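A structural walkthrough
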Amino acid sequence: MNRRVLWIVCAGVAVALLLAWLLFFRSGRMTPVEEDLPATIAPTPTPAPKQQVVLLFPGRDGLLHPELRQVSLPKESDTRIQVLVEELLAGPTSGLAPVIPYSAELRAVFVGQNNQAYIDLTGPPEPLDGSMTELMLTYGLVNTILLNTEVTAVQLLFDGSQRPTLTGHLDLSRPLVLNKRFISGP
Amino acid sequence: MRRTVVFILVFAVASVVVCVAQGLPPTLEFRHQGLRIEADTLRDRVEMAPIMSLLGGEMTFSASAGVWALSLGENLIQIAPDRRLILVNGELVEAQDPPMTSPTGVAVTLAFLDRHILATFGFHLETFTGGYSIVPGVRFGDTVSIRPITADFGATTTLVLALSRAVSVSVEEIPEGGLAILFENASPQIDAPTPLRSRRVRSLTAGSGRLDVDLAIDVGLLSWNILTNPDRIVLEFGRVPPTPTPAPVRVVEYSGPAPIVIDPGHGGDDTGAIGAPGQMEKDLTLTIARRLTQALRARGYTVRLTRNSDIERALTDRTALANRLEARLFISLHANSSTISSVRGAETYYMSLDDRASDAAAQSTADLENRASGGSSATGSPLDLILWDMAQSEVLNESSRLALAVQGRLNALLNLRDRGVKQAPFVVLTGATMPAVLVEVGFLSNKAERDRLLSPDHQQRLADAIALGIGDFLGGS
Ligand SMILES: [Zn+2]
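Predicted model only: the values in this text are computed from it and were never measured. Residue numbering note: each chain is counted from 1, following its sequence as written. Both sets of labels track the order of writing: A upward for chains, 1 upward for ligands. Selection of residues for local features in this predicted model requires a pLDDT of at least 70, selection of side-chain atom pairs for listing and counting requires 80 or more, and totals for whole chains, interfaces and linings are taken over all residues. Side-chain metrics rest on all non-hydrogen atoms present in the structure, leaving aside hydrogens and water.

**Points about the coordination of the zinc ion**
- Protein coordination at the zinc ion: the donors are His169(A) (NE2), His266(B) (NE2), Glu281(B) (OE) and His334(B) (ND1), at 2.0 to 2.2 Å from the metal.
- Distances up to 2.8 Å from the metal define which N, O and S atoms are donors, and 3.2 Å serves for Na, K and Ca; water is absent from the atom set, so sites may look incomplete. Under the classification used here, a metal with four donors is tetrahedral if each angle lies between 85 and 135 degrees, square planar if opposite donors are over 155 degrees apart and the others between 65 and 115, a six-donor metal meeting that same test is octahedral, and anything else is irregular. Taken together, the four donor atoms coordinating the zinc ion and their angles of 92 to 164° define a geometry best described as irregular. Taken together, the residues His266(B) in the loop between strand S22 (260-264) and helix H5 (281-298) and His334(B) in strand S24 (residues 329-336) connect sequence positions 68 residues apart. There is no split in this pair, since His266(B) and His334(B) are both buried. In DSSP terms, a helix is any run of H or I states spanning at least four residues, a strand is any run of E spanning at least two, and both are numbered starting from the N terminus. Only protein chains enter the accessibility calculation, which uses a 1.4 Å probe; a residue is then buried when its area is under 20% of its type maximum, exposed when over 50%, and partly exposed in between.

Below is the structure:
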């Protein structure tokens, strides 16, 4: 009797978790679930116009170098950031280095009322090291987002939580603003 | 309110402490320009009518307004019994002790008489046995409250006196040492939220119309300025007269008890960068830190380490230690790592304040200091911020000079690839109250550089180069 109740509870929890996972965490990358909407109010999907964006990637001089790319940019800040981060994660096309030195995935993007963005990435599989790695990852992401959106500050999250620091040099527990010191001059 | 209270205190000490404490005798004698009158008193107040006639002024009552008008020459003061607000030449002033209705009209305290009436007419009270003389000249100008802040640098100290309003002052050096700041028509009051902590400025004493600055031995005034927005006096102190002796001899003399704090990066579970199995940044930084300590001690400096074993230490604790020791310098040692294996070379960082988060840091620092001293965070916060900024930008200037000196020696002695001096908001550099730098001695991710970094010879040369850079900075400053 007890065992049966336990089974039912476990199954219920499993289904709930699966649903939550499908709805909240995978929605960014999955084809949206088709809803049964009356044909008259179904939105006609107008593709966002292509725009030139500036993506920043690290060079061997310890500075971030711009790479220009034409991408379809949505209007809303959160989806716009999503596009930008996916472009960064796809990596540089020139001889520059990747911003994130492991194969990261974007878990979520939130934009708060004060125009502060929170971007949640999967954490590194093993600890990263070096202040340069930390500077390039942090300001590659933060500066790219701030240069191409209306957002005023970016807080980085890893695996859904704040990290005081990534390699032991920078304070990542707070939102960061544009830092042009690490962008290579013209 | 507070100003008035302070004023009353000063006044009482200066002249009428006995009268205020015990009430006045039934009559008081007042003298003015060879004339004398007896004025009746009413507890701690004195009749105004006889004093006005002694001065040759007029005193009239407006029944409709219930207000007494006291006039002398161009000056007009309007007062009403039991009301704190008075009108002085058309301007509202709040008095601490309101006038009282009396048999001949209105009576006021001696403090009120001196502060509001005689000062407006251009006189002040002086005591003689049994009475008071009303003599020309305003003794008590308005009080000006002064908030002092000091910042000690390598060879100089900046003292900022934030003023509650604009004043004219002159500065006089006292032959026995120290100096006096003389205020024209103003009584300085020190409003110090935190105790003064400086190697060169020992204490400040506010007196009537002057502020005395006590200085350490051999320290003198280098320059002073009155600045506005906000109103402040900025004084710079240093060794006077400057000794023209070359640096190497002086270095030992200069090294007081204040230590140089060396911070070996990482430690414990935080290994820092890993070059190859067993080659960890935390070990390399500790080895170089110990060698640097020896090199600096050999030059006569006092040195403290933030860790001297393989232990974990919070980043903020490292800076806090340097601040607590009132260190002369803070040097954090690190070795770098990059995903680009060809990247190599040394670089020296100092703090950058140019991201907006630093304002928040300043704000919270100012708030914390305010709360620690029992003050409210609402008062003077913008001023605190400006002063904090000023002190910080001075420290930044010094830090950039230190970074250049250290990086210069690293480049020259080691023939490293010059990666230059940079600024970054690193945690260990945040909030340091002394010149502070973070030195990245090289890249463990570069094969050739890793091999060099692990050789004791190279470690010693790195330590010597950094010690020379520190010597350049301290000797040349
Ligand atoms: Zn490090």
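**Concerning the packing of aromatic side chains**
All names here are of chain B.
- Centre distance within 6.5 Å is the pairing criterion for rings of Phe, Tyr and Trp, where only the six-membered ring of Trp is used; planes under 30 degrees apart are then read as stacked, over 60 as edge-to-face, and the remainder as tilted. A full pass over the atoms with the stated rule returns four aromatic pairs over all chains.
- Ring geometry for Phe 61 against Trp 68: centres 4.8 Å apart, planes inclined by 40°, an arrangement best described as tilted.
- You can call Phe 61 partly exposed: its relative accessible area is 43%.
- The class for Trp 68 is buried, based on a relative accessible area of 14%.
- Ring geometry for Tyr 349 versus Phe 426: centroids 4.9 Å apart, planes at 70°, classification edge-to-face. Of the two residues, Tyr 349 sits in strand S25 (residues 346-350) while Phe 426 sits in the loop between strand S26 (418-423) and strand S27 (436-443), which places them 77 residues apart along the sequence.
- Residue classification places Tyr 349 among the buried residues on the basis of a relative accessible area of 1%.
- We call a charge positioned over a ring when the NZ of a Lys or the CZ of an Arg lies within 6 Å of the ring centre and within 35 degrees of the ring normal. Looking at Arg 31, its charged tip hangs above the ring of Phe 128, at a distance of 3.9 Å from the centre.

**Section: the sheet that holds strand S4 (residues 116-121) of chain A**
All names here are of chain A.
- One open sheet holds the three strands; their spatial order is S3-S4-S5, and the pairing between them is mixed. Each of the sheet's edge strands pairs with one partner strand only, and the pair in question is strand S3 (106-111) and strand S5 (153-158). On average, each strand axis in the sheet is tilted by 15° relative to the strand beside it, whichever way the strands run.
- Paired strands, as defined in this entry, are two strands with at least two bridges between them according to DSSP. Here S4 runs beside S5; their pairing, made up of six bridges, is parallel. By the bridge assignment, Tyr 118 is partnered in S5 with Gln 155.
- Residue contacts are defined here by distance: any two heavy atoms, one from each residue, within 4.5 Å place the two residues in contact. Lines fitted to C-alpha atoms define the axes, with helix axes restricted to the stretch in contact, and inter-axis angles between N-to-C directions lie between 0 and 180 degrees. Sitting on the sheet, helix H2 (residues 77-90) touches S3 and S4, and the angle it makes with S3 is about 145°.
- The strands touched by helix H3 (residues 131-148) are S4 and S5; relative to S5, the strand with the most contacts, the crossing angle is about 135°.

**Thoughts on the nonpolar core**
- The set of buried Ala, Val, Leu, Ile, Met, Phe, Trp, Tyr and Cys residues whose side-chain atoms join them within 4.5 Å is what this entry labels a nonpolar core. Membership of the largest hydrophobic core comes to 95 residues, with the highest contact counts inside it found for Ile119(A), Leu141(A), Ile262(B), Ile331(B), Ile466(B) and Ile470(B).
- By residue number, the principal contributor to this core is H3(A), which donates nine residues.
- Setting aside residues no more than four positions away along its own chain, Leu141(A) makes contact with Val85(A), Leu88(A), Val99(A), Ile100(A), Ile119(A), Leu121(A) and Leu156(A).
- Grouped together as the second largest cluster of nonpolar side chains are 32 residues, Met59(B), Ala95(B), Val108(B) and Tyr132(B) included.

**Quick notes on the sheet that holds strand S16 (residues 179-183) of chain B**
Residues and elements named next belong to chain B.
- The strand order across the open sheet built from four strands is S15-S16-S19-S18, with neighbouring strands paired in antiparallel fashion. Looking along the sheet, the strands with just one partner apiece sit at the ends: strand S15 (169-173) and strand S18 (201-207). Each adjacent strand pair in this sheet contributes to an overall mean axis angle of 20°, direction not counted.

**Examining the interface of chain B and chain A**
- The interface is formed by 30 residues belonging to chain B together with 25 residues belonging to chain A.
- When two components associate, each loses some accessible surface as probed by a 1.4 Å sphere; the sum of these losses over both components is called the buried area. Together, the buried faces of chain B and chain A total about 2,200 Å²; carbon and sulfur atoms form 54% of this surface.
- Any Lys or Arg side-chain nitrogen located within 4 Å of an Asp or Glu carboxyl oxygen qualifies as a salt bridge. The interface formed by chain B and chain A holds zero salt bridges in total.
- Under this definition, polar contacts are N or O atom pairs within 3.5 Å; protein pairs additionally need one hydrogen-donor-capable and one acceptor-capable atom, and for neighbouring residues in sequence, both atoms have to be side-chain atoms. Across the chain B-chain A interface, the total number found is 11 residue pairs in polar contact (both at pLDDT 80 or more).
- For the side of chain B that touches chain A, the elements supplying multiple residues, two or more each, are S24, S25, S26 and S27 of chain B.
- Top element by residues in the side of chain B that touches chain A is S26(B). It accounts for three residues.
- Here the residues of the side of chain B that touches chain A are counted per class, giving 12 nonpolar, 10 polar and eight charged. When residues are grouped by polarity, Ala, Val, Leu, Ile, Met, Phe, Trp, Tyr, Cys and Pro land in nonpolar, Asp, Glu, Lys and Arg in charged, and all others, Gly among them, in polar.

**Details of the side chain of Ser184(A)**
Residue and element names in this part refer to chain A.
- Considering the arrangement of structural elements, one finds Ser 184 in the segment after S5.
- We classify Ser 184 as buried; its relative accessible area is 18%.
- Here the side chain of Ser 184 touches His 65 through a polar contact of 3.5 Å, side chain to side chain.

**Observations regarding the pattern of salt bridges**
- Counting across every chain of the model gives 15 salt bridges over all chains.
- The partner of Lys282(B) in a salt bridge is Asp310(B), with the nearest N and O atoms 2.9 Å apart. Taken as a pair, Lys282(B) in helix H5 and Asp310(B) in the loop between strand S23 (303-305) and helix H6 (315-324) lie far apart in primary sequence, 28 residues in all.
- The class of Asp310(B) is partly exposed, set by a relative accessible area of 42%.
- Here Lys447(B) makes a salt bridge to Asp451(B), at a shortest N to O gap of 2.7 Å. Here Lys447(B) pairs with Asp451(B), and both are found in helix H9 (residues 447-453), just four residues apart, close to one helical turn.
- The network of salt bridges with shared partners includes Glu67(A), Arg69(A) and Glu87(A).

**Re unusual backbone geometry**
Residue and element names in this part refer to chain B.
- The phi angle at Arg 43 is positive, at roughly 50°, despite the residue not being glycine.
- Owing to a relative accessible area of 64%, Arg 43 belongs among the exposed residues under this scheme.
- For His 266, which is not glycine, the phi torsion reads 60° and is therefore positive.
- For His 266, a relative accessible area of 3% translates into the label buried.

**Observations regarding the pairing of strand S1 (residues 50-58) of chain A**
Residue and element names in this part refer to chain A.
- Note that S1 and strand S2 (residues 64-72) share nine bridges and pair antiparallel. Paired with Val 54 across the two strands is Leu 68, which belongs to S2.
- Connecting the antiparallel pair S1 and S2 is a turn made up of five residues, with Gly 62 showing a positive phi of about 75°.

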